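# Geometric and topological summary
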Amino acid sequence: LTGYAMMAASAAAFVTMSVCTKALVRAGMAPMEVVFARSVVQLALGLLGCAWFGASPAGPRGVRRWLVVRGACGAAGNALFFYALSVLPLADATVVFFTGPVFSALFASWMLGEPYTAVDRTASALCMFGIVLVAKPSVLFHSAPLAAAAAADADAAAASGTVAALVGAMSGALAYCVVRKVGTAVHFIVHVVYFGLLSLAASTALLALWGGPRRLPQSPAEWALAGAVGAAAFAGQVLLNRALQLAPTGPATLMRNLDVVFAFALGVALFGEIPDALSVAGAATIVASTAAMGLYRWHTAR
């Protein structure tokens, strides 16, 4: 029960991070600037966590290259997800990013030698169908008539956001497989440090190369939101890692679906983003597919 409660709390923390990110982007900050703010806070909290647990931030010498890969994949997935939040509704970006378990199963068959079963293939196909329902490409769906330029801009934004969230899900899935590959040889807080460090390095480099004025938070509320992005991300990762140690993976996957529930509810309540029937159907398809995959793998392991 403690594991399930921590899984639910981690879902709430990750959605809090997404809400704060979207609020900052709407206020005028670029997604990469929010990534930078998250990275600073997460790295600082990760180093404090290493001191608290007595773990070396560098990790064991033999697996450091894998820790760099894990940090780079996590940083890429995080940046792409933040971009998706800037151009898609909160619920749609979260749902597409939630397809990560499908790619985890695919990468695990390549990296860890795990079987990629017919259930996995079916769930993957259903998830791709769900993404089509969420994205609603204009070549397949006819939306309300708009001016040609507005329709083209909306379709381009939806396409770029969906692709970003999807590639971000792939990057996150690869990071998850690396965590599983190194196993218990590395304390979970060290993964958080590498994630924050690589994300900080990448966001700093991209901000240096990207022209234009920088925008710092303009009010105490925005500073609080920027800090909350990093704090919520750190709390979500710590709770998730601990929950996976306490609760069986299959039932825990069902609790993980609360991310989508929270995203839909907060998108409506805070941003007025009311999903249409196709988005709800796509979200239900993706959630059902990933949950079925997790439960099947749990049942097979038992």
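What you see is a predicted model, and the numbers here were worked out from it, not measured in a lab. (Residues numbered from 1 in each chain as written. Predicted model: local features only at pLDDT ≥ 70, side-chain atom pairs only at ≥ 80, totals over all residues. Heavy atoms only, no water.)

Quick look at the pattern of salt bridges now. Inspection of every chain in the model, using the stated rule, returns two salt bridges. The residue glutamate 273 makes a salt bridge to lysine 22 at a minimum N-O spacing of 3.5 Å. Residue glutamate 273 is found in the loop between helix 11 (258-271) and helix 12 (277-301), and its partner lysine 22 is found in helix 1 (residues 2-27); the two are separated by 251 residues along the sequence. The same class applies to glutamate 273 as to lysine 22, namely buried. Where glutamate 273 meets arginine 26, a salt bridge forms, and the shortest distance between an N and an O atom there is 3.5 Å. Within this pair, whereas glutamate 273 is found in the loop between helix 11 and helix 12, its partner arginine 26 is found in helix 1, the two being separated by 247 residues in sequence. Look at glutamate 273 and you get buried, because its relative accessible area is 15%. Linked by salt bridges that have partners in common, Lys22, Arg26 and Glu273 make up one network. (Salt bridge = Lys/Arg side-chain N within 4 Å of Asp/Glu carboxyl O. Helix = DSSP H or I, 4+ residues; strand = E, 2+ residues; numbered from the N terminus. Buried < 20%, exposed > 50% of the residue type's maximum accessible area, 1.4 Å probe, protein only.)

For any pair of aromatic rings, the description rests on two quantities: the centre-to-centre distance and the angle between the ring planes. The full count for this structure, using the stated rule, is three aromatic pairs. With a centroid separation of 5.8 Å and 65 degrees between ring planes, the pair formed by phenylalanine 53 and phenylalanine 188 is classed as edge-to-face. In this pair, phenylalanine 53 sits in helix 2 (residues 31-53) while phenylalanine 188 sits in helix 8 (residues 188-209), placing the two residues 135 residues apart along the sequence. By relative accessible area, phenylalanine 53 is classed as partly exposed at 43%. Both rings, one in phenylalanine 81 and one in phenylalanine 97, keep their centres 4.5 Å apart while their planes meet at 25 degrees; by these two values the pair is stacked. Here the residue phenylalanine 81 occupies a position in helix 3 (residues 64-87), and phenylalanine 97 occupies one in helix 4 (residues 90-97), the gap between them amounting to 16 residues. What makes phenylalanine 81 buried here is its relative accessible area of 5%. What links up through ring pairs into an aromatic cluster is the set Phe81, Phe82 and Phe97. (Phe/Tyr/Trp six-rings, centres within 6.5 Å; stacked < 30°, edge-to-face > 60°.)

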